[in-house]
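Structural description and commentary
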Amino acid sequence: MADELDLLRRANPVPSDDGRFHDRPLDQHAERRLNQLLHSGRPRRLRRWVLSVGTAAAVGVTALTLLLSGSATTPAVAAPRPLQIESGSTPVPLGRIAARAAADRSQRLRQGTHTQTWSLSMTAGPGARPAVTLPEERVIRWRADGSHTELVVATDPRRPGEPVITGADPVPRTVEDGHVLSRRTFPPSWSDAPPQAAPPRDIGRLRAYLDELDPTGPLGTSQLLDAVSELLDNWTLGSRENAAVVRLLADAKGLRPAGAVTDRLGRPGQAYVYEDTAHAVRRMLILNPVTGAVLGLEDTVTKDDAEFGVRAGDVMSYSAWMR
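Described below are features of the structure shown in this document. (Residues numbered from 1 in each chain as written. Predicted model: local features only at pLDDT ≥ 70, side-chain atom pairs only at ≥ 80, totals over all residues. Heavy atoms only, no water.)

Within the element layout of this structure, Trp-190 appears in the loop between strand 6 (178-186) and helix 5 (203-212). You can call Trp-190 exposed: its relative accessible area is 67%. It is 6.6 Å that separates the C-alpha atoms of Trp-190 and Gly-146, two residues lying 44 residues apart in sequence. Not counting chain neighbours up to four residues away, the residues in contact with Trp-190 comprise Asp-145, Gly-146 and Gln-196. (Helix = DSSP H or I, 4+ residues; strand = E, 2+ residues; numbered from the N terminus. Buried < 20%, exposed > 50% of the residue type's maximum accessible area, 1.4 Å probe, protein only. Contact = heavy atoms within 4.5 Å.)

On to the nonpolar core. Grouped together as the largest cluster of nonpolar side chains are 32 residues, with contacts concentrated most on Leu-210 and Leu-285. Of all the secondary-structure elements, those providing two or more residues to this core are helix 4 (94-103), helix 5, helix 6 (221-232), helix 7 (239-250), strand 9 (268-276), strand 10 (281-287) and strand 11 (294-301). Per-element accounting of this core gives the leading share, six residues, to helix 6. The residues touching Leu-285, leaving out its near neighbours within four places in the chain, are Leu-225, Leu-249, Leu-255, Gln-270, Ala-271, Tyr-272, Val-294, Gly-296 and Leu-297. Grouped together as the second largest cluster of nonpolar side chains are 12 residues, Trp-118, Ala-258, Ile-286 and Val-315 included. (Core = buried A, V, L, I, M, F, W, Y, C linked by side-chain atoms within 4.5 Å.)

What follows covers the pairing of strand 10. Most of strand 10 is tucked away: six of the seven residues are buried. As defined by bridge partners, strand 9 adjoins strand 10 across seven bridges and the pair is classed as antiparallel. Directly across from Ala-271, in strand 10, lies its bridge partner Ile-286. From the end of strand 9 to the start of strand 10, which pair antiparallel, there are four residues, and Ala-280 there has a positive phi angle of about 55°. What sits between the antiparallel neighbours strand 10 and strand 11 is a turn of six residues, in which Gly-292 has the positive phi angle 80°. (Pairing = 2+ DSSP bridges.)

What follows covers the packing of aromatic side chains. Per the counting criterion, the structure on display carries one aromatic pair. Between the NZ or CZ atom of Arg-264 and the centre of the ring of Tyr-318, over which it lies, the distance is 4.7 Å. (Phe/Tyr/Trp six-rings, centres within 6.5 Å; stacked < 30°, edge-to-face > 60°. Lys NZ or Arg CZ within 6 Å of the ring centre and 35° of its normal.)

Looking at chain direction, strand 8 (residues 256-262) and strand 9 are connected through six bridges and run antiparallel. Directly across from Val-261, in strand 9, lies its bridge partner Gly-269. Two successive antiparallel strands, strand 8 and strand 9, enclose a turn made up of five residues, where Gly-266 displays a positive phi of approximately 80°.

Bringing the packing of helix 4 against helix 7 into the picture now. Where helix 4 meets helix 7, the closest approach of the two axes is 8 Å, and the angle between their N-to-C directions is 165°. The angle between helix 4 and helix 7 places the two elements in the roughly antiparallel class. The handedness of the crossing between helix 4 and helix 7 comes out as left-handed. Contacts between helix 4 and helix 7 pair Leu-94, Gly-95, Ile-97, Ala-98, Ala-101 and Ala-102 from the former with Ser-239, Ala-243, Val-246, Arg-247, Leu-249 and Ala-250 from the latter. (Axes fitted to C-alpha atoms, helices over the stretch in contact; angles between N-to-C directions. Parallel < 35°, antiparallel > 145°, perpendicular 65-115°, else oblique. Left-handed = near helix turned anticlockwise from the far one by under 90°.)

See the structure below:
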């Protein structure tokens, strides 16, 4: 056995001094996603922006992402363009949105979610293929007995942003609009741990709830946005939960109001931007200006990276949450 191990060491295919592979530990973002994957009860979609464009971690984790989300997903002809702030619009401070959200009583909390996502698939190295966008729509419905269903559809790239899944018992409208990647039913299960536990309405308890989604330490602004996304991938928030989320975001450092924007589903919103310089990504959060509900989150590359075939301005990922 010792001889075999020694042979493997000498045949090391990824030597530490080879600059192409940057052999080193995962950064905190990739490590957190790996922890979530290993300790989750079911596979979750990984957001590609956290893969740190230009690192070796991006290559391996992106391959894993494609495996989990379904390699049969139909790629878009071209990546969507970044959302544009409306010229001349007045940015609205998060504190004002929080006050509006606190006065709203129109929505109730519901377990389950309806989400559209666009994610950039990348490969690196000799012969790397151009980055492509993988559009996907997902509906999770919970039943009274604690069981739930999950439907995942590859959306038609020629009709970006238009919801395919409708109705209480969701089915795609037509084959042309999108094809089913998976349709699963999960047995009854209950948990008092996030994200399955109901999110609290108190801002302090909500922060503790979101902290549990990230085992690596205190939440910075980018990690907070990830945790909120994870929450929205499991729950459709009510008015009081929306208000708590916005109050929490109002205290996040570096998240600045940018102005009015129309999201990819044609909904009016207010945009809030965070520059994640450590990962060369611009993150745009979109809120309903009246209810404070999170409508979307867009991650855009801010630096060219020839190795992965991405340029500044490319959309890395986008999520749109619907009721």
